[in-house]
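The lines below spell out each chain.
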Amino acid sequence: MDKITADGLRFTDSLGRTRIFSGFNIDDKLIDRDEFRYRLDEEFFKKYRANGLDFIRLAVTWQNIEPEAGKYNESYLRSIDGIFALAEKYGVYILLDMHQDLYSGFNGTGGGDGAPEWACLTDGYKAKPYKFVWAEAYVFGKWVHRCFDHFWNNDPVQGKGLQDRYAELWRMLARRYGDSPALFGFDFMNEPAPGTAGKKMAARFALSAAKNIVFGKKIKLGAVLGALLKKDMKKLLDSVPGSVVRDIAGKVDGLEAEFDLKYYSPFLNKMAQTVREVTPNGFLMIEQPFLCNGGVKLSVPAVTVGGRREPLQCFGPHAYDMTVDTPLYKYANADRVKAFFREMRSSQLRLDVPVVVGEWGGCSDNKDTSWFAHARELLDFFDEMQWGNAYWDYHGDDLDSPLMNILCRTHPVAVDGKIEFYRCNRQNGVFTLKFSSEKGGESLVFVHKPFEAARGLQYKTVESYENGASLILIKSEAGENTVTLKIKSTGDNSL
């Protein structure tokens, strides 16, 4: 497998080619596991590659890996070993994500996942089941607030600080997987939350939203009231456009910056230092705190190790429409979600790092096709930004589901030089890739259906799949290059 490095905003391989990654989040957020939730076997990886997927954000939890303080779950880790071995065999890269939602699963109460019970310092507050949406406990759950407060302060459990124990966990994982060719990198914590300060941040966000709805010029109050009277939820949700996102979220930027600079950035640097003491391999992923998913500005600086900027780091933004995890997700508005991602683009430019979108999608039923137009708009946006992506999330049988009509798509895999743009026109089925090459070389493009190449294009098929897809190698010349492919329609509306 090619060793992946960074060149400014690009992921690059050993040949200097720009790399674009596509894949799934595959998670195990269940409690008390002895092996990973899904059986990712040879058949899985064959289908994965046949659908043009070469990246997995593998989400595991602290609870399953270290159920007792200082004692690692060897049975569980062996199942992860097997996934890494097959990923290497089939050329799939793995981003190892230590997942959490609401800090912990609290023995199945509250809707969260993450830390083991021994690492939960709740100060006596008890977890409660959620009433509307699982994430409400980030605002109202004192048991969640206290746990995060103690974690960020590195308060001791059994004589050792929580973050120190967490760093030891990452040290063990870095030793175990640091030399694997399939290792893409380390995602130290999913969507970190600030704890008690999060309640104030959420309240300010809500107040800002209310003021913009009532007094703002970008939201038409009459349209809001009319939609309420008619109980038209789609019109009500569409009355909040993407253009108002920063007007609302910007009021929280200052509070987010306090958390980012005082707690989150030092945490990232501490974990980075720990991993780099073990292995020079693997990207260090900059996640964004929970509220940044809704357009709040990220203020963390680039990751440093020993006071020097880490060369292998990247950004993994997440964003969903505000209707996510509710029955209203069928009304998800791509204009709003793209506004969230535009703010994240500004963070990428500030940090000067490449991006693979860590989470997007979020449809609770991957067999539901009603929201595919929304999904395609987001994929087009990622293409415009030249971002790779990992869809949230895998349900066990998705490689044979209608979801693949949007995720299995023609896209560049490795491009000889810098990409100018690429896109697939769904009206005429034409895929176009433009790029500049310094000396000329070879590029790889995944084509999801039979195709016709433009006259004069030099290519050969390096892999072909039973579903009609192929991986093609294209010869390029020094200077500007254009690749044009006409995708043959098969009547399944999957362009």
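Counting restarts for each chain: residues are numbered from 1 in the order of the written sequence. This being a predicted model, a pLDDT of at least 70 is required before a residue's local features are given, and a value of 80 or more before pairs of side-chain atoms are given or counted; all residues contribute to the totals for chains, interfaces and linings. Hydrogens and water molecules were not included; the side-chain quantities draw on all heavy atoms of the structure.

Colleague: Before we move on, can you summarise the overall build of the chain with the specific residues and values?
Modeller: When its secondary structure is counted, the chain shows 14 helices and 23 strands. This radius of gyration counts C-alpha atoms alone. The globule rule is 2.2 Å times how many residues there are, raised to the power 0.38. Expected size for 495 residues packed as a compact globule is a radius of gyration near 23 Å; at 23 Å, the chain falls within 12% of this value. A principal-axis box enclosing the C-alpha atoms of the chain has dimensions of 70 × 60 × 40 Å. Throughout, exposure labels follow a simple rule: accessible area from a 1.4 Å probe, protein chains only, divided by the maximum for the residue type, with under 20% read as buried, over 50% as exposed, and the rest as partly exposed. Here the chain holds 495 residues, and 57% of them are scored as buried. For the chain, long-range pairs separated by at least 24 residues make up 75% of all intrachain contacts whose partners lie at least 6 apart in sequence. Here the Shrake-Rupley method, with its probe set to 1.4 Å, supplies the accessible areas, and only the displayed protein chains count as covering residues. Of the roughly 20700 Å² that the chain leaves accessible, carbon and sulfur atoms contribute 51%. Of note, the chain has its 64 positive side-chain charges centred 5 Å away from the centre of its 66 negative side-chain charges. Numbering goes from the N terminus for both helices and strands, where a helix is a DSSP run of H or I of at least four residues and a strand is a run of E of at least two. In this description, contact between two residues means that some pair of their heavy atoms is separated by no more than 4.5 Å. Counting rule for charge: Lys and Arg are taken as positive, Asp and Glu as negative, and neither His nor the chain ends is counted. By convention, the charge on Lys lies at NZ, on Arg at CZ, on Asp at CG and on Glu at CD.

Colleague: How would you explain the sheet that holds strand β20 (residues 451-453) if you had to name every residue and give the values?
Modeller: Pairs of strands are assigned from DSSP output, requiring at least two bridges between the strands. Reading across from one edge, β17-β18-β23-β20 is the order of the four strands in this open sheet, with antiparallel pairing throughout. Edge positions in the open sheet fall to β17 (418-425) and β20, since each of these has one partner strand only. Pairs of neighbouring strands in the sheet enclose a mean axial angle of 15 degrees, with direction left out of account. Alignment of strand β18 (residues 430-437) against strand β23 (residues 479-487), held across eight bridges, turns out to be antiparallel. Lines fitted to the C-alpha atoms define the axes, with helices restricted to the stretch that makes contact. Angles between their N-to-C directions range from 0 to 180 degrees.

Colleague: I'd like a description of the side chain of S443, backed by residues and values.
Modeller: With respect to the element layout, S443 can be found in strand β19 (residues 441-447). Polar contacts here mean pairs of N or O atoms no more than 3.5 Å apart (in protein, one a potential hydrogen donor and the other a potential acceptor; neighbouring residues in sequence count only if both atoms are side-chain atoms). Looking at S443, its side chain comes within polar contact range of the main-chain nitrogen of D416, at 2.8 Å. Ignoring any residue separated from it by four or fewer positions in sequence, one finds S443 in contact with A414, V415, D416, F435, I472, L473 and I474.

Colleague: How would you sum up the pairing of strand β10 (residues 283-286)? Please name residues and give values.
Modeller: Burial along β10 is two-sided: F283 and M285 and L284 and I286, pointing in opposite directions, are all buried. Alignment of β10 against strand β13 (residues 313-315), held across three bridges, turns out to be parallel. Each bridged residue has a counterpart across the sheet, and for M285 the counterpart in β13 is C314.

Colleague: Residues and numbers for the pattern of salt bridges, please.
Modeller: Any carboxyl oxygen of Asp or Glu within 4 Å of a side-chain nitrogen of Lys or Arg constitutes a salt bridge here. Counting across every chain of the model gives 36 salt bridges. Across the pair E343 and K297 runs a salt bridge, and its minimum N-O distance is 3.4 Å. Taken as a pair, E343 in helix α12 (residues 334-351) and K297 in the loop between β10 and β11 (304-305) lie far apart in primary sequence, 46 residues in all. E343 sits in the buried class, given a relative accessible area of 9%. Given the relative accessible area of 31%, K297 is considered partly exposed. Connected via shared salt-bridge partners are R57, D97, D187, E287 and E359.

Colleague: Describe the nonpolar core, naming the residues involved and giving the relevant values.
Modeller: Formed by 126 residues in total, the largest nonpolar core has its most connected members in F24, W62 and Y103. Sort the elements by how many residues they give to this core and helix α6 (residues 162-177) lands first, with nine residues. What we call a nonpolar core is a set of buried Ala, Val, Leu, Ile, Met, Phe, Trp, Tyr and Cys residues that are connected through their side-chain atoms within 4.5 Å. If you look at the next biggest cluster of nonpolar residues, it comprises 17 residues, including V447, F451, I472 and I474.

Colleague: How would you summarise the packing of aromatic side chains if you had to cite specific residues and measurements?
Modeller: Aromatic pairs are defined between Phe, Tyr and Trp rings, using the six-membered ring for Trp, whenever the two ring centres lie within 6.5 Å; interplanar angles under 30 degrees are classed as stacked, those over 60 as edge-to-face, and all others as tilted. If you walk through the whole model with that rule in mind, you get 49 aromatic pairs. Ring centres of Y38 and Y394 lie 5.1 Å apart, and the angle between their planes is 75 degrees; on these two criteria the pair is classed as edge-to-face. Of the two residues, Y38 is situated in the loop between β4 (22-27) and α1 (42-50) and Y394 in the loop between β15 (388-391) and α14 (404-407); the sequence distance between them amounts to 356 residues.

Colleague: Give me the environment of G468: which residues, what numbers.
Modeller: Summarising the element assignment, G468 is placed in the loop between β21 (459-464) and β22 (470-476). The class for G468 is partly exposed, based on a relative accessible area of 28%. Sequence separation between G468 and W360 is 108 residues, and the spatial gap between their C-alpha atoms is 27 Å. Not counting the four nearest positions on each side in its chain, G468 is found in contact with H448, K449 and P450.

Colleague: Can you break down α12 residue by residue, with the values?
Modeller: Helix span, as expected, comes to 1.5 Å for every residue beyond the first. Over its 18 residues, α12 runs 25 Å from end to end, which matches the ideal 26 Å to within 8%, given 1.5 Å per residue. Near the N-terminus of α12, the side chain that reaches the backbone nitrogen of D335, with its oxygen 2.8 Å away, is that of N333. Count one or two residues on from α12 and you reach D352, which has phi positive near 60 degrees.

Colleague: Quick rundown of the state of the cysteines? Include the residues and the values.
Modeller: Cysteine sulfur atoms are paired as a disulfide whenever they come within 2.5 Å of each other. Tallying each qualifying case throughout the model produces zero disulfides. Considering cysteine sulfurs only, C314 is the nearest to C292, which forms no disulfide, with 16 Å between them. C408 takes part in no disulfide bond, and the closest cysteine sulfur, belonging to C424, lies 12 Å away.

Colleague: So what's going on with a positive patch on the surface? Residues and values would help.
Modeller: A surface patch of positive charge is lined by K128, K131, K142 and K199. You can see K142 is positioned in helix α5 (residues 142-152). K142 sits in the partly exposed class, given a relative accessible area of 41%. Patch membership requires more than 30% relative accessible area and the absence of a salt bridge. Residues of like charge join within 9 Å; the nonpolar side chains Val, Leu, Ile, Met, Phe, Trp and Tyr join within 5 Å.

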